[in-house]
Each structure stands twice: as structure tokens, then as C-alpha cells.
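A closer look at the structure
Okay, here's what each chain looks like letter by letter:
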Amino acid sequence: MSRPPVADPRRTLTLRDVSEASGVSEMTVSRVLRNRGDVSDTTREKVLQAARALGYVPNKIAGALASQRVNLVGVIIPSMSNMVFPEVMTGISETLEDTGLQPVMGVTNYNPEREESVLYEMLSWRPSGVIIAGLEHSPAARAMLESAGIPIVEIMDIDGDPVDSAVGISHRRAGRQMAETIVASGYRRIGFLGTKMPEDHRARKRLEGFREGLARAGLELADEEYYGGGSALLKGREMTEAILRRTPDLDFLYYSNDMIGAGGLLWCLDQGIDVPGRLGLAGFNGVELLDGLPRKLATMDACRREIGVHAAEIIAGKRPSGVIGGELIELFPTLQPGDTIRRP
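Residues numbered from 1 in each chain as written. Predicted model: local features only at pLDDT ≥ 70, side-chain atom pairs only at ≥ 80, totals over all residues. Heavy atoms only, no water.

What to know about the overall build of the protein
Summing up its helical and strand segments, the protein has 12 helices and 12 strands in all. Partitioning the contacts of the protein with sequence separation of at least 6, the portion at a separation of at least 24 is 67%. Split by element, the accessible area of the protein, about 16,400 Å² in all, is 51% carbon and sulfur. Computing the positive centroid from 40 side-chain charges and the negative centroid from 46, the protein places the two 3 Å apart. (Helix = DSSP H or I, 4+ residues; strand = E, 2+ residues; numbered from the N terminus. Contact = heavy atoms within 4.5 Å. Areas by Shrake-Rupley, 256 points an atom, 1.4 Å probe, with all protein chains shown as cover. Lys, Arg positive; Asp, Glu negative; His and termini not counted. Charge placed at Lys NZ, Arg CZ, Asp CG, Glu CD.)

Here it is, written out as C-alpha cells:
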């Protein structure tokens, strides 16, 4: 079998090189490499094989000069240090896989100024769309989103006013549902353990919903313990010990996330505390880590992968409606009682 000609390493490869190597016109080569239709499978494979053999990489910037857009999708999230957003990214990446669109990620560390900076850089590349976590942004960031002229999908939360499309859950409803379940199981002296990061708006909304749920039953939180920084097992252990030493008659602990909840569960088991008889526990997010614990922590699945899938479908125009933008998709998390809530 003849081998394609070896290109001069000092010269940038062009469509003409691929055209000559494959025996296909430059226009057809361009359609194949831009993932456009109207090309037979045989011709498409011939072009792709020639491009791979030559090591040809399309010049996306040159294409963008004509279209004013590149095939990138900006994905802006607050953190990669926990187990929440990798699943969201998986849903986005898998859905965009056959669309010709490529996700590019930026991390804000829950910092509004950092979000502005990341968003500015993303938009300067003229992406085909932006997926961004949360509904709360600085005035400058919101102004950039509103004037971007591309599909914008805010993810993880639907309790607010989206710029364009939103995909997520109601964190207030999730908090209320957890409170109702805890009260129905007979617990009355309830403590909360969570983050004091002011920009974690979704955790704040869950706590607001949780308080509302308790208030409907004539209850309020008996004690609260807060921390700064990332979520970790060690934090959960330390916080659980602190709140129970301060308020030993608590009969339930609600954690803002599963990581600190798992740490709290391990501490309670080390101390020989009867869980869930003497003390009930629950977290939030439904992370896979819980499957490896000696006892399954009660939690709520936050629909992370599904959120990523639906957001990417909107950007790529793959929704059943065929419309790009202007959608509000609410998903409904499932409460998983595990082994740490008494059965009513």
C-alpha cells in the first residue's frame, strides 16, 4: 500500500495537502473536517485517513475569522476539588462528542472577580456557547453574558432569574424535602453543619429551604457549625466532634455536602454512637464515595451528569424542540435514606 507523501516540516500543512493526499477536492475536504453533511462515508474516511497520516490539524482561528465563532464551548465552574463537577463535565463532554464542539473549562474558586476574568477570556475567543454554574453573577459578568450573542446555559440551580437557559434543581425545595423527611422520622433536636463561604449560593438556598421545612413543623435548628475552605472528610470529623461536644443532646445532623457528612459518620462510628437510633445523619450530592463507607449515608442525588447532558444539548441544538436557548429545565433529585435515617 502506498504511503502518503511526507510534508516539509518547515511548512504549515493546508487543505490542499489533504486534498492531494486523499484525491478529494479541497471543498469536500473542508466539509469533512468541519463535520458537515453531504459527504459519503467512503469519501469521509479517505479524507480522515489522509489527514491523520499527514498530521493535519485544521486552523480553527482562520475559520473563525469568517464565521466570527470558534467551535469551543466555554464551561465555567467553581471548583474541581470536590466530586460534584467532574460528573457534570462528563455529561457535557459525552453529549458534545459528535457535534464538532469542544468544551474548554475555567475554574472560579467561588470568587466573583475570578468569574469575571475567566468569562472575559472565554468570550474573547468568541465561543459557540457558554455553560456556567449558578445564577448569581456580578453586574459586570451578567452584562457580558447578556450581550454575548450566543447560547448561555446556567447550570446546577433554577431558583432565580436566568440570562438565557437554565438547567438544574431547586435547592430550596431539596432543603425543604430533607427537613420534612427528618421530621417525619421522629427527630427533633437538629443541627446543621456547612460552609460559611458567602458565594456558595446553592448551599445557602438549601439551608434556607431546610429552615423553612423545620419551621412548618414548629422547629428550628438547635445548633450550627460552619467552616471555611474545601470539603473534606477530616473537616467533617472535626465539625461533628465540636457540635456534639457543645450540644450533646442533638439527635440529627444535616451536612451541607456528602464529604463532610462522610467524615461525620466515620467519627460517630468510631465513638460507638448508635446511628441512626441515637443520632441520624444526612448529606447532599449523592457522590460515589458513599458506596465505600461502612454504612450508607443518607443523601440526595443532585442529578449532576443529567445537568451536564441537558446543558450541552441546548448549546448543540440537540434538544427535541430544536430551539437553541431560552429553556428552563428543572430536574428533581431523589432522596436516598441510606442507613442513617430511622424509618418512620
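Let's talk about the sheet that holds strand β7 (residues 223–227)
An order of β7-β6-β8-β9 is seen for the four strands of this open sheet, with the pairing classed as parallel. Across the chains shown, the open sheet's two edge strands, defined by having one partner strand only, are β7 and β9 (280–282). With direction set aside, neighbouring strand axes in the sheet form an average angle of 15 degrees. The sheet contacts of helix α10 (residues 233–246) involve β6 (190–195), β7 and β8 (252–255), and relative to β7 the element is tilted by about 150 degrees. (Pairing = 2+ DSSP bridges. Axes fitted to C-alpha atoms, helices over the stretch in contact; angles between N-to-C directions.)

A look at the environment of Val 163
By the secondary structure assignment, Val 163 is in the loop between β4 (152–157) and β5 (165–169). Each C-alpha atom of the pair Val 163 and Leu 101 lies 22 Å from the other, and the pair is 62 residues apart in sequence. Look past the residues within four positions of Val 163 in its chain and what remains in contact with it is Arg 142, Leu 145, Glu 146 and Glu 154.

Quick notes on helix α8 (residues 171–184)
Over its 14 residues, α8 extends 20 Å from the first C-alpha to the last, a length consistent with the 20 Å expected when each residue adds 1.5 Å. Within α8, the full set of buried residues consists of His 171, Ala 174, Gly 175, Arg 176, Met 178, Ala 179, Ile 182 and Val 183. Following α8 by one or two positions, Gly 186 has its phi on the positive side, about 95 degrees. (Expected span 1.5 Å × (residues − 1). Buried < 20%, exposed > 50% of the residue type's maximum accessible area, 1.4 Å probe, protein only.)

Here we look at the sheet that holds strand β2 (residues 102–107)
Ordered in space as β2-β1-β3-β4-β5-β11, the six strands form an open sheet in which the pairing is parallel. In this open sheet, the two strands that pair with only one neighbour each are β2 and β11 (328–330). Direction aside, the axes of adjacent strands within the sheet are offset by 15 degrees on average. Sheet topology note: the β4/β5 ladder contains five bridges and is parallel. Along β5, the bridge assignment pairs Glu 154 with Ala 166. Relative to β2, helix α6 (residues 112–124) is tilted by about 155 degrees, and along the sheet it contacts β1 (72–77), β2 and β3 (129–133).

Remarks on the packing of aromatic side chains
The final tally for this structure, using the stated rule, is four aromatic pairs. One aromatic cluster is present, formed by Phe 192, Phe 210, Tyr 226 and Tyr 254 through successive ring pairs. A cation sits over an aromatic face here: Arg 206 above Phe 284, 3.9 Å from the ring centre. Taking NZ or CZ as reference, Arg 342 lies 3.9 Å from the ring centre of Tyr 187, over its face. (Phe/Tyr/Trp six-rings, centres within 6.5 Å; stacked < 30°, edge-to-face > 60°. Lys NZ or Arg CZ within 6 Å of the ring centre and 35° of its normal.)

Remarks on the nonpolar core
By size, the foremost hydrophobic cluster in this structure holds 48 residues, and its most contacted members are Ile 131, Ile 155, Met 178 and Phe 210. In this structure, Met 178 is in contact with Phe 210, Tyr 254, Ala 282, Gly 283, Thr 299, Met 300, Leu 335 and Ile 341, ignoring residues within four places of it in sequence. Core analysis: the next-biggest nonpolar cluster, separate from the first, contains 20 residues, Met 239, Leu 250, Ile 260 and Val 287 among them. (Core = buried A, V, L, I, M, F, W, Y, C linked by side-chain atoms within 4.5 Å.)

Things to note about the pattern of salt bridges
Overall, the coordinates contain 23 salt bridges when judged by the stated rule. The salt bridge partner of Asp 157 is Lys 205, with a shortest N-O separation of 2.4 Å. On the criterion of sequence distance, the pair formed by Asp 157 in strand β4 and Lys 205 in helix α9 (residues 201–216) is long-range, its members being 48 residues apart. We note that Asp 157, like Lys 205, is buried. Asp 291 is the salt-bridge partner of Lys 296, the closest N and O atoms lying 3.4 Å from each other. On the accessibility criterion, Lys 296 (29% relative accessible area) is partly exposed. With relative accessibility at 56%, the residue Asp 291 sits in the exposed group. (Salt bridge = Lys/Arg side-chain N within 4 Å of Asp/Glu carboxyl O.)

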